[in-house]
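An overview of the molecular structure
One-letter residues, chain by chain:
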Amino acid sequence: MSKQTSSALGRVWSYWMSVPLWLQILVGMILGITVGVVFGEQATVLKPIGTLFVNIIKMLIVPLVFCSLIVGVTSMEDTAKMGRIGFKSFAFYLCTTAIAISIGLVVGYVIQPGAGLNLPLPSGMSDVVKEVPSVMQTLLDIVPTNPIAALANGQILQVIVFAVALGIALVLIGDHGKPAIKVFESLAEAMYKLTDMVMKLAPYGVFGLMAWVAGEYGIDMLLPLLKVIVAVYIGCIIHVLGFYSIVLSVFSKLNPLHFFKGISNAIAVAFTTSSSAGTLPASMKCASEYLGVNKKISSFVLPLGTTINMDGTALYQGVTALFVAQAFGIDLTWVDYLTIILTATLASIGTAGVPGAGLVMLTLVLSTVGLPLEGVALIAGIDRILDMARTVVNVSGDLVATTVIAKSEDELDMEHYNADMVQSAVLAEQNIILENTAAKTVKS
């Protein structure tokens, strides 16, 4: 390779590295879709690139959630404040989930995605649907009988319960708990740094994922169920840009435009990976660096929201439940609508933040109102496309809750929040320097 070629490649690489991460991810997504459409099934050979990226993100999830929650709990030495924030988070997530599925039902009722299909009930397909545990069993299972096994198996709800309990215990034992707290603080910082390193790989992982999705499904796969896709995406847009904007502007007096600019990186990762748990590292980075949320709040509220806040999944279940009913010619009563709202809200608590989990939980909603479980097979073919949109809603909801709760607790840096992304990065760097200086001063 000549020196001129090498120099040109160096300049291109330097320019590429200067491009904002969200734009790199967008470019990777567009290129991936283009490659998938042009090369078809041959593009699926790129799937391992995306799979590797998702696996690396999954590697971060359990230790990041565990360490972050313990640090978040122990940083709030005021147990009354911790309980108050926990109550606010839980109440916020349940209320917004109920509203999300209501929006989904309204959109599904207006657009009528399954009307006119008149599909006969498929036979011999019931056994392919996974068995879903009852709501009561889900609630019982959140307490781990073996915390180590929960950590090893990635049972996030159980990990959250154990981490919160351990954090509270470390606070209550006073000075005896400080050495352990310092260890977890160090591990959390290491996980934050590792997260930053992994996120630099996002554009390439996204490229591989989107090339696979476009090559596997193709344009023709979307056409028969286009109305379902349109309905879900319209509902998601209404919930994110409409409802969340109202929450931010009316209840917290915050500029929604600044918020959506600040979470653009997390939205890009959520849309392409279809995993709210996998997007957690990017969400935590956006909350602290671009929104100005104190890590004491984000370290507690975001991991909790990743597990119990599934606004997008609930909205999707509302639309798809109506689609199945319309496709098989089944009329639903108002009691059925209320049952769907209640069931989907409770089911969202036990829905794992990984790709495809919402499809399994959909069976719970369908069975509750007597709809054929075979309808799940109709959705399975486009579930990945729907999953991308609902994950954006899930992640956006986590960050809205974190921002609103931080504002209510006076833990939101308003100068940081109102700054543009470049200024936010500078302020974040300054805050890190100040925190390190303060830590050195305390030690000395």
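Here the structure is a predicted model, which means the values were calculated and not measured.

1. What about the overall build of the protein chain?
Secondary structure assignment for the protein chain yields 21 helices and 0 strands. Going through the 444 residues of the protein chain one by one, you find that 51% of them count as buried. Across the protein chain, every contact between residues at least 6 apart in sequence was considered, and the portion connecting residues at least 24 apart equals 84%.

2. Description of the UniProt feature "transmembrane region" (unreviewed entry) in the protein chain
Cross-referencing UniProt, the feature "transmembrane region" (unreviewed entry) maps to residues 21-40, 52-73, 85-111, 156-174, 201-219, 225-251, 334-353 and 359-380 in the present numbering. Helix makes up 96% of residues 225-251 and strand 0%, whereas the separation of the span's terminal C-alpha atoms amounts to 37 Å.

3. Observations concerning a nonpolar patch on the surface
On the surface, Trp13, Met17, Ile49, Leu201 and Tyr204 cluster together to form a nonpolar patch covering roughly 470 Å² of accessible area. Turning to its location among the elements, Met17 is positioned in helix α1 (residues 3-18).

4. Details of helix α12 (residues 264-273)
The buried count for α12 comes to 8 of 10 residues, which makes it a mostly enclosed element. If you check which residues of α12 are buried, you get Ser264, Asn265, Ala266, Ala268, Val269, Ala270, Thr272 and Thr273.

5. Focus on unusual backbone geometry
Backbone geometry at Gln112 places phi at a positive 55°, although glycine is not the residue there. Structurally, Gln112 can be placed in the loop between α4 (79-111) and α5 (135-140). By relative accessible area, which is 27% here, Gln112 ends up partly exposed. Phi angles above zero are rare outside glycine, and Lys253 is one such case at about 55°. Within the secondary structure, Lys253 is located in the loop between α10 (226-251) and α11 (256-262).

6. What to know about the packing of aromatic side chains
Pairs of aromatic rings are described using the distance from one ring centre to the other and the angle between the two planes. Counting across every chain of the model gives 6 aromatic pairs. With 5.9 Å between their ring centres and 10° between their planes, Phe66 and Phe162 make a pair best called stacked. Of the two residues, Phe66 is situated in helix α3 (residues 47-75) and Phe162 in helix α7 (residues 156-172); the sequence distance between them amounts to 96 residues. According to the relative accessible area criterion, Phe66 is buried, its value standing at 11%. Owing to a relative accessible area of 26%, Phe162 belongs among the partly exposed residues under this scheme. Put simply, the rings of Phe66, Phe162 and Phe184 pair up and form one aromatic cluster. Above the ring of Tyr316, the side-chain terminus of Arg390 is found at 3.9 Å from the ring centroid.

7. Thoughts on the confidence of the model for the protein chain
The predicted model of the protein chain averages 79 in pLDDT, with 80% of residues at 70 or higher. Per-residue pLDDT, averaged within each element of the protein chain, yields its smallest value for helix α21 (residues 421-443) (52) and its largest for α10 (92).

8. Re the nonpolar core
Counting residues in hydrophobic clusters, the biggest one holds 114 residues, and the most contacted among them are Phe259, Val301, Ile340, Leu371, Leu386, Leu399 and Val400. Setting aside residues up to four positions removed in sequence, Leu399 forms contacts with Phe259, Ile263, Ala266, Ser283, Ala287, Leu291 and Leu302.

9. Observations concerning the pattern of salt bridges
Counted according to the given criterion, the structure contains 5 salt bridges. The salt bridge involving Lys88 is made with Glu409; its shortest N-O contact spans 2.7 Å. Within this pair, whereas Lys88 is found in helix α4, its partner Glu409 is found in the loop between α19 (383-408) and α20 (414-418), the two being separated by 321 residues in sequence. In this structure, Arg390 engages Asp387 in a salt bridge whose closest nitrogen and oxygen atoms are separated by 3.2 Å. Placement of both Arg390 and Asp387 in helix α19 is noted, with a separation of 3 residues, approximately one turn of the helix. For Arg390, a relative accessible area of 1% translates into the label buried. When salt bridges with common partners are traced through the structure, they connect Arg84, Lys88 and Glu409 into a single cluster.

10. With respect to helix α15 (residues 311-327)
Spacing of three or four residues puts side chains on the same side of an α-helix, whose turn is 3.6 residues. The terminal C-alpha atoms of α15 lie 24 Å apart, and with 17 residues this matches the ideal 24 Å at 1.5 Å per residue to within 8%. By the criterion of burial, α15 is predominantly enclosed, with 17 of the 17 residues buried. Two residues or fewer past α15, Gly329 is found with a positive phi of approximately 70°.

Thresholds applied
Residues numbered from 1 in each chain as written. Predicted model: local features only at pLDDT ≥ 70, side-chain atom pairs only at ≥ 80, totals over all residues. Heavy atoms only, no water. Helix = DSSP H or I, 4+ residues; strand = E, 2+ residues; numbered from the N terminus. Buried < 20%, exposed > 50% of the residue type's maximum accessible area, 1.4 Å probe, protein only. Contact = heavy atoms within 4.5 Å. UniProt positions renumbered as here; feature names shortened; annotations may be inferred. Patch = residues over 30% accessible without salt bridge, like charges linked within 9 Å, V, L, I, M, F, W, Y side chains within 5 Å. Areas by Shrake-Rupley, 256 points an atom, 1.4 Å probe, with all protein chains shown as cover. Salt bridge = Lys/Arg side-chain N within 4 Å of Asp/Glu carboxyl O. Phe/Tyr/Trp six-rings, centres within 6.5 Å; stacked < 30°, edge-to-face > 60°. Lys NZ or Arg CZ within 6 Å of the ring centre and 35° of its normal. pLDDT = per-residue confidence, 0-100. Core = buried A, V, L, I, M, F, W, Y, C linked by side-chain atoms within 4.5 Å. Expected span 1.5 Å × (residues − 1).

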